[in-house]
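This is what each chain is made of:
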Amino acid sequence: MQIVVIGAGIVGLTTAALLLKAGHRVTVLEAQTYPGGSAGTFFHKGYRFDAGATLAGGFQPGGPHTRLAEILDLTYPTRPIQDAGWVVHLPHRQIFQWSDPQKWQEEMNRHFPYSRSFWKLQRFLANRVWDLSSRSVPLPPQSVREGIALLKALRPDTLGTVPFFFSRVKDVFPRQWTAEFKTFVDAQLLISAQTTSEHASLLYGSAAMDLPRRGIHMVEGGMGTLSSVLVDWIRNHGGRVLFREEVTHVEVQKGRAHQVRTRKGNTYPCDALVANMTPWGWAKVLGDSLPEAIQKEIQQTRRMWGAFVIHLGVDASTVNTPITHHQIIGSIEQPLGETNSIFLSLSPLDDPSRAPEGMRAATLSTHTEPLGWFSLSEEAYQRRKAQYTEQCLSLVEREFPGFRSAIRLCLAGTPRTYAFYTRRPWGMVGGFPQTSLIHIRGPQSGLPNAWLVGDSVFPGQSTAGVTLGAMRVANLILQSL
């Protein structure tokens, strides 16, 4: 069978590799000149900058990256972060996200001693959810076979999660919670579940908050290396990965995806199609052939977040912290995102491939509502970019005095930038807010031989989440064929 995959991000490449291993002919089409998409790494003036995602999780035993490496018999050039996955900088304290569960428990007892019961419940639920994910439990079920697989995956200890199925994270807050505690929890949820404690599903949020204890790794050469390894594997095993092939249209015949057309005018017939796209991107390439069910879904679905990002080249002698990830909160009285919360990732001091000698590559990002960036005049757009840049750098300077003076290169990007380079409508990234396990999006495309993958498909978010989604979709395709 001939399978075409649109998009050479981690999830598209993972799906392609699994289908290729199963014996199918696979062609991956990528609009850019390099793989990775929103988790790619680009080159600029001697720096290797991560385009979006900067945290690689899911490398624990049984984790999605570990399982994929075992299935494909490949090795990722990574090493585990042994100490703190990142540091959360609140206005008046620093909290270390230790990878060691015992040290993490001690950290929480030190900062929020009244919250022991909350973290005990969070650990209990996280362990059950991660256990289910390690067995590729299909949510939501897309077929009778998946429904049966879901029932078979349930175990007696899974029943302990049932009373919390409809709960939100804030529902189980300790009675004595403070605004500082809530801000700390909300900050973790915003980067891992794309929403805050009032709305985040407790089961999803518990697993997401446990990410630092689930195998965060440093990736040699940047996040894009994960995708480059998969590209090499696919090509070495007879598959095709073609760059500069932007898909502009999917032709439908008799209700099925028939072939795809690229901007160059090339066509690629397909028996099955995998699209690493959001529903809005899928609507764009289908045009008038978009099924009515997907059209209605798009009209009723809330859009995802966008990102304002700054790529920096900084002097390593001044910015010399060995901890590479830092989440900085401006004010606990203000909503998160829009420069009041930022995530700073620094290239490792011992990875010379990421920056010129004596320098470090840094990526700084904040959540932002994407649509507003597209309605601005050019003058207002540049003014807002400068304002956001100033506010983000001021937060970093608060925690790292002298950071501004260490900057040698500064590149700011907005949802407009993401829309241009990733071809994602409105530059939306990060996936849907995970507010309910009932209303979650599966890989359905509206066509019987086409599937969507990526951060908009559950479980979405993070390299670990999209890899789980890719493995699930590969199984669906193999069952259907």
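Look above for the structure.
Everything quoted here is computed from the prediction, not taken from an experiment.

Caption draft 1: Layout of the sheet that holds strand β10 (residues 247-253). Here we have three strands laid out as an open sheet, ordered β10-β11-β12, and antiparallel in their pairing. Only two strands of the sheet have a single neighbouring strand rather than two, namely β10 and β12 (267-269). Strand after strand, the sheet turns through a mean of 25° between neighbouring axes, direction not considered.

Caption draft 2: Quick peek at the packing of aromatic side chains. Counting across every chain of the model gives 26 aromatic pairs. Considering the side-chain rings of Y47 and F49, the 5.3 Å spacing of their centres and the 15° angle between planes classify their relative orientation as stacked. Taken as a pair, Y47 and F49 share a single burial class, namely buried. Ring geometry for F112 versus F184: centroids 5.8 Å apart, planes at 40°, classification tilted. Of this pair, F112 sits in the loop between α3 (101-111) and α4 (116-134) while F184 is found in helix α6 (residues 179-193), placing the two residues 72 residues apart along the sequence. Among the residues examined, F112 registers a relative accessible area of 1% and is labelled buried. The positively charged end of R303 is found above the aromatic ring belonging to W426, 4.4 Å away from the centroid. The ring of Y381 is capped by R416, whose NZ or CZ atom sits 3.9 Å from the centre of that ring.

Caption draft 3: Molecular detail of the pairing of β10. One ladder, built from six bridges, connects β10 with strand β11 (residues 256-262); its direction is antiparallel. Each bridged residue has a counterpart across the sheet, and for V247 the counterpart in β11 is T262. Between β10 and β11, which pair antiparallel and follow one another directly, the connecting turn spans two residues, one of which, K254, has a positive phi of 55°.

Caption draft 4: Here's a closer look at the sheet that holds strand β2 (residues 25-29). Pairing in this open sheet of five strands is parallel, and the strands run β9-β2-β1-β13-β19 from one edge to the other. Looking at strand neighbours, the two that pair on one side only are β9 (240-242) and β19 (450-453), the edges of this open sheet. Averaged over all adjacent pairs, the angle separating strand axes in this sheet is 15°, with direction ignored. On the sheet, helix α13 (residues 462-480) packs against β1 (2-6), β13 (272-276) and β19 and is oriented at approximately 170° with respect to β19.

Caption draft 5: Structural detail: the packing of helix α9 (residues 279-286) against helix α10 (residues 292-300). Contact geometry for α9 and α10: axes closest at 10 Å, N-to-C directions at 135°. Between α9 and α10, the angle is such that the two are oblique. Seen from above, α9 lies across α10 with left-handed handedness. Facing α9, whose interface residues are P279, W280, W282 and A283, α10 presents I294, E297 and I298. For the contact of α9 with α10, the class distribution of residues is six nonpolar, no polar and one charged.

Caption draft 6: Quick look at the environment of E198. Mapping E198 onto the fold places it in the loop between α6 and α7 (202-209). Each C-alpha atom of the pair E198 and R168 lies 6.4 Å from the other, and the pair is 30 residues apart in sequence. Residues in contact with E198, not counting those within four places in the same chain, are R168, K170, K182 and D186. Within polar-contact distance, the side chain of E198 engages the side chain of K182 at 2.8 Å. A polar atom in the side chain of E198 sits 3.0 Å from the side chain of T196.

Caption draft 7: Expanded view of unusual backbone geometry. Cis rather than trans, the peptide bond between F458 and P459 has omega equal to 5°. Summarising the element assignment, P459 is placed in the loop between β19 and α13.

Caption draft 8: Geometry of the side chain of Q97. Here Q97 shows up in strand β7 (residues 93-98). When its relative accessible area of 1% is taken as the criterion, Q97 is described as buried. Side chain to side chain, Q97 and R213 meet in a polar contact 3.0 Å long. Beyond its immediate sequence surroundings of up to four residues, Q97 is in contact with D83, A84, G85, W86, V88, W104, F184, Q188, P212 and R213.

Caption draft 9: Highlighting the environment of F400. As for its position among the elements, F400 is in the loop between α11 (378-399) and β18 (407-413). The class of F400 is buried, set by a relative accessible area of 17%. Residues F400 and G430, 30 residues apart in the sequence, show an inter-C-alpha distance of 27 Å.

Caption draft 10: A look at α7. Along α7, eight of the eight residues are buried, which leaves the element largely enclosed by surrounding structure. Along α7, the residues that are buried comprise L202, L203, Y204, G205, S206, A207, A208 and M209.

Caption draft 11: Broad picture of the pattern of salt bridges. Evaluation of the coordinates by the stated rule reveals 19 salt bridges. The shortest N-O distance in the salt bridge between E246 and R263 comes to 3.0 Å. Residue E246 is found in the loop between β9 and β10, and its partner R263 is found in the loop between β11 and β12; the two are separated by 17 residues along the sequence. Here E246 falls in the buried class, since its relative accessible area comes to 15%. With a shortest N-O distance of 3.7 Å, R416 and E378 are connected by a salt bridge.

Caption draft 12: Region of the structure containing the pairing of β13. Burial of β13 is extensive: four of the five residues sit out of reach of the surface. Relative to β19, β13 runs parallel, the two sharing four bridges. Along β19, the bridge assignment pairs A275 with L452.

Caption draft 13: Summary view of helix α12 (residues 415-422). Here α12 starts with a cap whose side-chain oxygen sits 3.0 Å from the backbone nitrogen of R416, and that cap is T414. Where α12 ends, the next residue or the one after it, R423, has phi of about 65°, a positive value.

Caption draft 14: Representation of the packing of α6 against α7 within the structure. Following both chains from N to C, one finds α6 and α7 inclined at 95°, their axes separated by 9 Å at the closest point. Relative to α7, α6 is oriented roughly perpendicular. On α7, the residues that touch V185, Q188, L189, S192 and A193 of α6 are Y204, G205, A208 and M209. Of the residues contributing to the contact of α6 with α7, the split by class is six nonpolar, three polar and no charged.

Procedures and definitions
Chains are numbered independently. Their residues run from 1 in the order of the written sequence. Selection of residues for local features in this predicted model requires a pLDDT of at least 70, selection of side-chain atom pairs for listing and counting requires 80 or more, and totals for whole chains, interfaces and linings are taken over all residues. The side-chain values count all of the structure's non-hydrogen atoms but skip hydrogen atoms and water molecules. Strand pairing is assigned whenever DSSP detects at least two bridges linking the two strands. In this description a helix means any DSSP run of H or I spanning at least four residues, a strand means any run of E spanning at least two, and both kinds are numbered starting from the N terminus. Only C-alpha atoms enter the line fits that serve as axes; for helices the fit covers just the stretch in contact. Angles between N-to-C directions range over 0 to 180 degrees. Between rings of Phe, Tyr and Trp, where Trp is taken as its six-membered ring, a pair exists when centres lie within 6.5 Å; planes separated by under 30 degrees are stacked, by over 60 edge-to-face, and by other angles tilted. Classification of residues uses two cut-offs on accessible area relative to the type maximum, computed with a 1.4 Å probe and protein chains only: under 20% is buried, over 50% is exposed, and between them is partly exposed. As a reminder, the over-ring test applies to NZ of lysine and CZ of arginine, requiring each to be within 6 Å of the ring centre and within 35 degrees of the ring normal. In this analysis, two residues are considered to be in contact whenever any of their non-hydrogen atoms come within 4.5 Å of each other. When describing relative orientation, an angle under 35 degrees is termed roughly parallel and one over 145 degrees roughly antiparallel, while 65 to 115 degrees is termed roughly perpendicular and anything else oblique. Take the far helix as your reference; a near helix turned counterclockwise from it by less than a right angle gives a left-handed crossing, and one turned clockwise gives a right-handed crossing. Residues are sorted three ways: Asp, Glu, Lys and Arg are charged, Ala, Val, Leu, Ile, Met, Phe, Trp, Tyr, Cys and Pro are nonpolar, and all the rest, Gly among them, are polar. Any pair of nitrogen or oxygen atoms within 3.5 Å is treated as a polar contact; in protein, a donor-acceptor pairing is required on top of that, and neighbouring residues in sequence qualify only through side-chain atoms on both sides. Between Lys or Arg on one side and Asp or Glu on the other, a salt bridge is scored when a side-chain nitrogen of the former is within 4 Å of a carboxyl oxygen of the latter.

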